[in-house]
Structure formats: structure tokens, C-alpha cells
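This is what each chain is made of:
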Amino acid sequence: MATASINEVTGPEMDRLSDPLLRTPTSLSSSYSEDQAVYRVYKRRWYMLSVLCVLNIANAMIWLTFSPIADKAGEYYHVDYNKINMLSLIFMIVSIPLGLCASWLLDTFGLRASIIFGSWLNLFGAAVRVLSTFDFIPHNVKYPLVLTGQGIAACSQPFILFSPTKLAATWFQDNQRATANMIASISNPLGILVANVLSPFLTESAKDLQFTLCIYCIPAGVGMLMATCGFCSSHPPTPPSASAADVHEPFFTGLKKIIQNKAYLILAFSFGGGIALFSTLTTLFQQILCPQGYNDDEIGIYGALMIFSGIIGAGFAGAVVDKTKKFMETAKISYGLAAVSCSFLAVISQQPNQTILTGVASGLVGFFSFALLPVCLELGVECTYPVAEGTSAGLLFTSGQIQGIAYVYIMQGLGRHLTPSQLETQQCTNSSLSVDIQPKDMTISVLVFAGMASFAAAIFIIFFYTDYKRLKAEECEAAERILNFSSSTPSFPRRTIQHVST
């Protein structure tokens, strides 16, 4: 049986590994035999992971800045709820045509180019939003300008959101991949949590919106500086695992294989549907709850509960699959319980004065829904290997954006006029608003939402099955080395994983 040792590489050896002119073009060190695979992990991978986390948080904050304060944003820009929803919806719209471009750039030019490009777009979009709040901007130009800023930031989302799977596969060893993917991917919902709490806190009235948008530029600027100054390489000098050392399929070859992969198509529909439903819920959350008497502060707390419990759920699921490799079982259990939780939230959220139960339901939805995120991204790689990770992750998110646009319009269209009793208790508008913003009763919408979640879960649980192609390839590579080495020497080969302090 092969053994593994972990060594620290420093000094001249570290310099040799870091210099591409001195490094041999193979994953095996010259100091070891050909049958003794040497894989190295570098401490800098944690800094690169932190860059992705900051960028995902900043981009998500920009995405959902206005959803928790839709009434105040509508008053400031003198527009109705449909146009305020467009400020979030534009992220889904833009991501569809840019999804393939971002996947191609990620797999062709690597992580560094994609991350730096995405970070600058994100900051520029945030700055344009602030510009829309200055007094010298004509009033009829303010909304088109803030929409333009949202659109620019939306262009950065695919480059940032598609990268965690690539980073995890390229820089992390096999027993850390799901955890690394989880940490980077869950930072996007963490940004949503921050927006749900920070936007209502900073925006007590419509006139506070300029200050809010300025504050949201700070994480975007920090992420840009971290990416530009510290993200120095797309690949480590020596790969961390056998699959990372392999040459992946070219982009268009991989795309053709994905389209013909039945398991992946089922995953893209069902997991993409989950992404779409969550995006729809976060976009319309304030408009769903405020007719039942919940104010912006309460809705912000519910959104925070959803995200916070989701972070716990994703962390738990990532740790489980890293240890057990039971990707399908974990994903199916999570999706089933997420659908049940969505149905509970749909029913209880439309009942007035259910403050505690609505909070519990929000937490359950977050816990089980977010558990799917790292697991399904890893499943996408496993069922399409050796297709590049950026391609498989990118198309999953693109599927979610396409479905998300449809779901937002469906739920908006199913809204009805408020009943007289709802008009008395609703917290969507107040007499101080200078614009006539008409809230809607979203009862039918959330019931349809629960039905769509249950349908997507049923499709996934019943029909999805795949072999773990990447894990099998790594097992076969390890077995082949053992057999080859055993035929020439009685001693056992060693798979060495070295930690390098760079």
C-alpha cells in the first residue's frame, strides 16, 4: 500500500520550484524515482483562496444591494418595484452570454487573468453606481446610470463565481478540494448576508443611498488590490494531485462532451434550478414578506439567518464529502430536505405574526440549500472529468441564471392586489414615500416556488447517477504506480505531498 509523507520545502529547493527556468516540466521531482509521485501544496494557496472570498463577497453585496431596501431605492430613483428588481435581475441576464466567455477565458488563460479582470470590472461597476447619486446628474439619468453600474459589476460575476472549482482542483490536494470549494463558493452567499443586514442598517431613508453605495465600494476596492498585487500565478510549480497534473480537454472539446453527458445535464437542470430558486428568493424576499406586516429590519434578519445557517450547512457538507467521498448521497439528502424546508417557508411566510416560525423556516432553507453548493460543484467535475473545472462549473451557474430569469418573471406575474386587511398591515410602503409603489400579494407565487423546488429535487433524487471519474482516475494512477514499482523493487513506492512555504 502506498504511503504519504508531508515535508516542508524551503530555501534553495523552494527557489528552484518557484523558478520556471529551473523547474522540470514534469510533476515528478528529479530527486525521486519515476515511480514515486511527488505532489506539492503551497501555503500561498490560502491567500489565493482569500482573494476569491473577498471578491465573491464584494460582488454579491453589489448584486443584492437594493433588494432589502426596494421601497427606499424606488423612492430615490422614482421607479416602481419591477425596475428595482431589474437591478438584481441584470446579473442573471448578463451572466448568460458571458458565462461561456468566462469559462473559455478561465480554461484558456488561467485563473490569474480571469480573477484580475473580474476584480477591476467589479470595482468599476461599483464606482458607476455611486456616480448615479450625485446632484449634478439629471434625475432622468440616475436610474439608467445605476443600472449601467449594476450591469458592469454583473459582467464580473462569471469570472469570479466560476473560479472556486478551478482553484480547488489546481492548488489543493484531493482531501481538501471540497472544503476549499466550499469556502470560496459560500463567500458569495456571505456577501448576500452582508447586503441583507447592511443595506437596511445604512439606509434609514432614501437620502442615505449615496452613503450606502460608497460603503459598498470598499470591499470591491480591497478585492481588486488583493487580486492585482497578490494573485501571481494560475498554476503551482508542482501539482497537488494526479488529476491536477493531467492535461484537461480543450474548451470546445469539453463543451461537446458535456452536452452529450446525461448525468451532467440532469445535474445542470436540477442544481441550476436550485441556484435559480435561491436567486429568485433573495431578489423578491422583501416583496414576499412585507405584505404580511414584516418590516425591512425583520426581513434583513431573516435573510441573515438564511445565509448564516447556510454557511454552517455548507461547511458541514464540505467536510463530510472530503472525508467520505459520498457526493451523491449527501447531495440527494440535502436537496430533499431543502425542498421540504422551502415548502414550510412558503406556507408560514404568508401568515401574519409568525415571526419565530418564519425565522426557523428561513434558517432551514439556508442550511440544506447551501449544503448543495460545494457538493454539486464537485459532482459536476466528477461526472465530466477530464473536462476542465471552469467549464463544468460555469455551465452549472449559467443554467441557474437562465432559469432564474424565468422564475423571477413568473413569480412577479403571479402577484395579486393586496386584500383590504393586507393593506392595513403591510410594511411595503408608507406615507412619506414620494412615489406610488404598489406592493403585491405573493401567496400564489411562493406556493409555485415551493412546487418548483419539489419538482427539481424529485428529478435529481430519482434520475441522477454518475461514476466518480476523477476519483477513479486518481485511484488507477496510484495503483499503476504501485504495480510498476513492485515489478522492479521489493520496497513500496511513496506518494509524497510536500508543503511549500510560498
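Nothing here was measured: the structure is a model prediction, and the numbers come from that model.

Colleague: Account for the overall build of the chain, with residues named and values stated.
Modeller: Summing up its helical and strand segments, the chain has 19 helices and three strands in all. Of all 502 residues assigned to the chain, the portion counted as buried reaches 59%. Taking all contacts inside the chain whose residues are at least 6 apart in sequence as the whole, residues at least 24 apart take part in 86%. Summed over all atoms, the accessible surface of the chain reaches about 19,700 Å², with 68% contributed by carbon and sulfur.

Colleague: Any details on unusual backbone geometry? Residues and values, ideally.
Modeller: Along the chain, Tyr385 connects to Pro386 via a cis peptide bond; the corresponding omega equals 10 degrees. The topology assignment puts Pro386 in the loop between helix 15 (355–384) and helix 16 (389–413). Even without a glycine there, the phi angle at His78 is positive, about 55 degrees. Within the secondary structure layout, His78 lies in the loop between helix 3 (70–77) and helix 4 (81–109). Assessed through its relative accessible area of 42%, His78 is described here as partly exposed. A positive phi angle is found at Lys325, which is not glycine, with a value near 65 degrees. Structurally, the position occupied by Lys325 is in the loop between helix 13 (296–324) and helix 14 (327–348). With a relative accessible area of 21%, Lys325 lands in the partly exposed category.

Colleague: Mind laying out the environment of Ile462, listing which residues take part and the relevant values?
Modeller: Along the chain, the position of Ile462 falls in helix 18 (residues 443–463). Along the backbone, Ile462 and Lys332 are 130 residues apart, and their C-alpha atoms lie at a distance of 9.0 Å.

Colleague: Talk me through the side chain of Ser362; I want residue IDs and the actual numbers.
Modeller: Position of Ser362 among the secondary structure elements: in helix 15. The buried category is assigned to Ser362, whose relative accessible area is 0%. Excluding residues that lie within four positions of it along the chain, Ser362 makes contacts with Phe285, Tyr302, Met306, Ser309 and Leu345.

Colleague: Run through helix 2 (residues 44–63), naming residues and quoting values.
Modeller: The end-to-end C-alpha separation of helix 2 is 29 Å, in line with the 28 Å expected for 20 residues at 1.5 Å each. Of all 20 residues in helix 2, 15 are buried, a share of seventy percent or more.

Colleague: Please provide a residue-by-residue account of a nonpolar patch on the surface, values included.
Modeller: On the surface, a cluster of nonpolar side chains totalling about 420 Å² of accessible area is made up of Phe344, Ile356, Leu357, Val360 and Leu364. For the nonpolar patch, the element with the highest residue contribution is helix 15, accounting for four residues. Residue placement: Leu364 occurs in helix 15.

Colleague: Can you break down the nonpolar core residue by residue, with the values?
Modeller: Phe66, Tyr77, Phe271 and Leu379 are the most contacted members of the largest nonpolar core, which totals 138 residues. For this core, the element with the most residues is helix 12 (residues 262–289), which contributes 15 residues. Ile57, Met61, Leu202 and Tyr216 belong to the second largest nonpolar core, which has five residues in total.

Colleague: I'd like a rundown of the packing of helix 2 against helix 5 (residues 111–131), residues and numbers included.
Modeller: For the pair helix 2 and helix 5, interaxial distance at closest approach is 11 Å and the crossing angle is 30 degrees. As summarised for this structure, helix 2 and helix 5 are arranged roughly parallel, according to the angle between their axes. As helix 2 runs across helix 5, the sense of the crossing is left-handed. Along the contact surface, helix 2 presents Val51, Leu52, Leu55, Ala58, Asn59 and Ile62, while helix 5 presents Ile115, Ser119, Asn122, Ala126 and Arg129. Taken together, the residues of the contact of helix 2 with helix 5 break down into seven nonpolar, three polar and one charged.

Colleague: Before we move on, can you summarise the side chain of Lys72 with the specific residues and values?
Modeller: Within the secondary structure layout, Lys72 lies in helix 3. Dropping the residues within four chain positions of it, Lys72 is found in contact with Thr203, Glu204, Ser205, Ala206 and Asp296.

Colleague: Give me the environment of Thr108: which residues, what numbers.
Modeller: Along the chain, the position of Thr108 falls in helix 4. The class of Thr108 is partly exposed, set by a relative accessible area of 42%. When the C-alpha atoms of Thr108 and Ala388 are compared, they prove to be 9.7 Å apart, with 280 residues separating the residues in sequence.

Colleague: An account of helix 12 is needed here, citing residue identities and associated values.
Modeller: With 28 residues, helix 12 should reach 40 Å at 1.5 Å per residue; the first-to-last C-alpha distance of 39 Å fits that figure. At Thr283, helix 12 shows its largest kink, close to 50 degrees. Where helix 12 starts, the residue carrying a side-chain oxygen 3.2 Å from the main-chain nitrogen of Ala263 turns out to be Asn261.

Colleague: Residue-level account of the pattern of salt bridges, with values.
Modeller: All told, the structure shown has three salt bridges when counted by the stated rule. For Glu382, the salt bridge goes to Arg470, with nearest N and O atoms at 3.3 Å. Taken together, the residues span a long stretch of sequence, with Glu382 in helix 15 and Arg470 in helix 19 (residues 469–486) at a distance of 88 residues. The class of Glu382 is buried, set by a relative accessible area of 0%. A salt bridge links Lys472 to Asp467; the shortest N-O distance between them is 3.9 Å. Assessed through its relative accessible area of 44%, Lys472 is described here as partly exposed. Each of the salt bridges in this network shares a partner with another, and the network as a whole consists of Glu378, Glu382 and Arg470.

Colleague: Which residues make up the packing of aromatic side chains, and what values do they have?
Modeller: Inspection of every chain in the model, using the stated rule, returns 17 aromatic pairs. Ring plane angle 80 degrees and centroid distance 5.5 Å describe the contact between Trp104 and Phe109, whose orientation is recorded as edge-to-face. Owing to a relative accessible area of 49%, Phe109 belongs among the partly exposed residues under this scheme. Ring geometry for Tyr335 and Phe460: centres 5.7 Å apart, planes at 45 degrees, overall tilted. Of this pair, Tyr335 sits in helix 14 while Phe460 is found in helix 18, placing the two residues 125 residues apart along the sequence. We classify Tyr335 as buried; its relative accessible area is 4%.

Colleague: Describe the packing of helix 4 against helix 12, naming the residues involved and giving the relevant values.
Modeller: Between helix 4 and helix 12, the least distance of the axes is 10 Å, while the angle of their chain directions is 160 degrees. Classified by the angle their axes make, helix 4 and helix 12 are roughly antiparallel. Considering the relative orientation of helix 4 and helix 12, their crossing is right-handed. Packed against helix 4, whose contacting residues are Tyr81, Asn85, Ser88 and Met92, the element helix 12 presents Ser279, Thr280, Thr283, Leu284, Gln286 and Gln287 at the interface.

Rules and cut-offs
- Residues numbered from 1 in each chain as written.
- Predicted model: local features only at pLDDT ≥ 70, side-chain atom pairs only at ≥ 80, totals over all residues.
- Heavy atoms only, no water.
- Helix = DSSP H or I, 4+ residues; strand = E, 2+ residues; numbered from the N terminus.
- Buried < 20%, exposed > 50% of the residue type's maximum accessible area, 1.4 Å probe, protein only.
- Contact = heavy atoms within 4.5 Å.
- Areas by Shrake-Rupley, 256 points an atom, 1.4 Å probe, with all protein chains shown as cover.
- Expected span 1.5 Å × (residues − 1).
- Patch = residues over 30% accessible without salt bridge, like charges linked within 9 Å, V, L, I, M, F, W, Y side chains within 5 Å.
- Salt bridge = Lys/Arg side-chain N within 4 Å of Asp/Glu carboxyl O.
- Core = buried A, V, L, I, M, F, W, Y, C linked by side-chain atoms within 4.5 Å.
- Axes fitted to C-alpha atoms, helices over the stretch in contact; angles between N-to-C directions.
- Parallel < 35°, antiparallel > 145°, perpendicular 65-115°, else oblique.
- Left-handed = near helix turned anticlockwise from the far one by under 90°.
- Nonpolar A, V, L, I, M, F, W, Y, C, P; charged D, E, K, R; others polar.
- Bend = angle between axes of the 7 residues up to and from the residue.
- Polar contact = N/O pair within 3.5 Å; in protein donor to acceptor, adjacent residues only side chain to side chain.
- Phe/Tyr/Trp six-rings, centres within 6.5 Å; stacked < 30°, edge-to-face > 60°.

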